[in-house]
Amino acid sequence: AQSVTQPDIHITVSEGASLELRCNYSYGATPYLFWYVQSPGQGLQLLLKYFSGDTLVQGIKGFEAEFKISQSSFNLRKPSVHWSDAAEYFCAVASSGGYQKVTFGTGTKLQVIP
Amino acid sequence: DTGVSQNPRHKITKRGQNVTFRCDPISEHNRLYWYRQTLGQGPEFLTYFQNEAQLEKSRLLSDRFSAERPKGSFSTLEIQRTEQGDSAMYLCASSLGLDGELFFGEGSRLTVL
């Protein structure tokens, strides 16, 4: 069964600092991978997705993620964090066959300090 | 494109009552998902529809939970004889095609007293 691990429950960074959120997945083949963001009182919004091809994926709001098959990882990065980036971030995996059931990690809550 | 719509946004009920949530997906999306999210957790898969067919139901779902998607359009999630442990945010999402990208509604929060 597919699964996702986000080892960091809570991360605090200073505004303007770089950010990396970790995600490890378990799946028997090359999966589809996603990062979603959830701001307080808001629905989940897709930041970026990986299906195939270039392993460095660009998303919205200046985020990027790199798929590393050797490490079963899909870490999310941003070079300079803005206060508005404070939110909860979820990594998700879907099978590349069948109906693509999407399984989410437990999330990482990002706090941005001045 | 009006997005995924969920109603009601918040429901407070007493233990033992039945509740029903409705989800209206993006109109051309043939796939519809229900997830449940509790505080500090990621969304947990509950069930999935392709058109009107319910293709998978999580073992998390007891017999008190039932979902329908008549005519492959909107969907309802009913919880019978609610328990305090059912208190959560119930999320609906829809998608189109094979790329797995989900579009989420803002959720329906259930509080069972």
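All residue numbers refer to position in the chain's written sequence, counted from 1. All chains are assigned letters beginning at A, and all ligands numbers beginning at 1, according to the order in which they are written. The predicted origin of the model limits local features to residues at a pLDDT of at least 70 and limits the giving and counting of side-chain atom pairs to 80 or more, whereas totals for whole chains, interfaces and linings rest on all residues. As a rule here, side-chain values cover all heavy atoms of the structure and leave hydrogens and water aside.

**What to know about the state of the cysteines**
Then step 1. The disulfide criterion is simple: two cysteine sulfur atoms within 2.5 Å. Counted according to the given criterion, the structure contains two disulfides over all chains.
Then step 2. Paired through a disulfide, Cys 23 of chain A and Cys 91 of chain A show a sulfur-sulfur distance of 2.0 Å. Note on the Cys 23 of chain A and Cys 91 of chain A pair: the S-S dihedral is about -65°, so by sign convention the disulfide is left-handed. Of this pair, Cys 23 of chain A sits in the loop between strand E3 (19–21) and strand E4 (24–26) while Cys 91 of chain A is found in strand E10 (residues 87–94), placing the two residues 68 residues apart along the sequence. Each of the two residues, Cys 23 of chain A as well as Cys 91 of chain A, counts as buried.
Then step 3. Across a sulfur-sulfur distance of 1.8 Å, Cys 23 of chain B and Cys 92 of chain B are joined as a disulfide pair. Here the S-S torsion is close to -70°, and the disulfide linking Cys 23 of chain B with Cys 92 of chain B is therefore left-handed. Remark: Cys 92 of chain B occurs in strand E9 (residues 88–95) and Cys 23 of chain B occurs in strand E3 (residues 19–24); sequence separation between them is 69 residues.
Then step 4. Throughout, exposure labels follow a simple rule: accessible area from a 1.4 Å probe, protein chains only, divided by the maximum for the residue type, with under 20% read as buried, over 50% as exposed, and the rest as partly exposed. With relative accessibility at 0%, the residue Cys 92 of chain B sits in the buried group. Here a helix means four or more residues in a row that DSSP labels H or I, a strand means two or more in a row labelled E, and each is numbered from the N terminus.

**Digging into the interface of chain B and chain A**
Where interface size is quoted, it is often the accessible area lost as the parts come together.
Then step 1. Here, two residues are considered to be in contact whenever any of their heavy atoms come within 4.5 Å of each other. Contact residues are listed per partner, giving 23 residues for chain B and 18 residues for chain A.
Then step 2. Interface area for chain B against chain A, summed over the two sides, is near 1700 Å², with a carbon-plus-sulfur share of 52%.
Then step 3. Criterion for a salt bridge: a side-chain nitrogen of Lys or Arg within 4 Å of a carboxyl oxygen of Asp or Glu. At the boundary of chain B with chain A, the tally comes to one salt bridge.
Then step 4. Glu 101 of chain B is the salt-bridge partner of Lys 49 of chain A, the closest N and O atoms lying 2.6 Å from each other.
Then step 5. Distance and chemistry together define a polar contact, namely a pair of N or O atoms within 3.5 Å, with one atom able to donate a hydrogen and the other to accept it when in protein, and with adjacent residues in sequence counting only for side-chain atoms on both sides. The interface formed by chain B and chain A holds four residue pairs in polar contact (both at pLDDT 80 or more) in total.
Then step 6. Elements that contribute at least two residues to the side of chain B that touches chain A include exactly strand E4 (31–37) and strand E5 (44–50) of chain B.
Then step 7. Among the elements that line the side of chain B that touches chain A, the one with the most residues is E4 of chain B, at four residues.
Then step 8. Under the grouping applied here, Gly and all other residues not named as nonpolar or charged are polar, the nonpolar ones being Ala, Val, Leu, Ile, Met, Phe, Trp, Tyr, Cys and Pro and the charged ones Asp, Glu, Lys and Arg. Of the residues in the side of chain B that touches chain A, the class split is nine nonpolar, eight polar and six charged. In short, buried area is how much 1.4 Å probe accessible area vanishes from two parts on joining, totalled over both.

Function-wise, these values are silent; they only describe arrangement.
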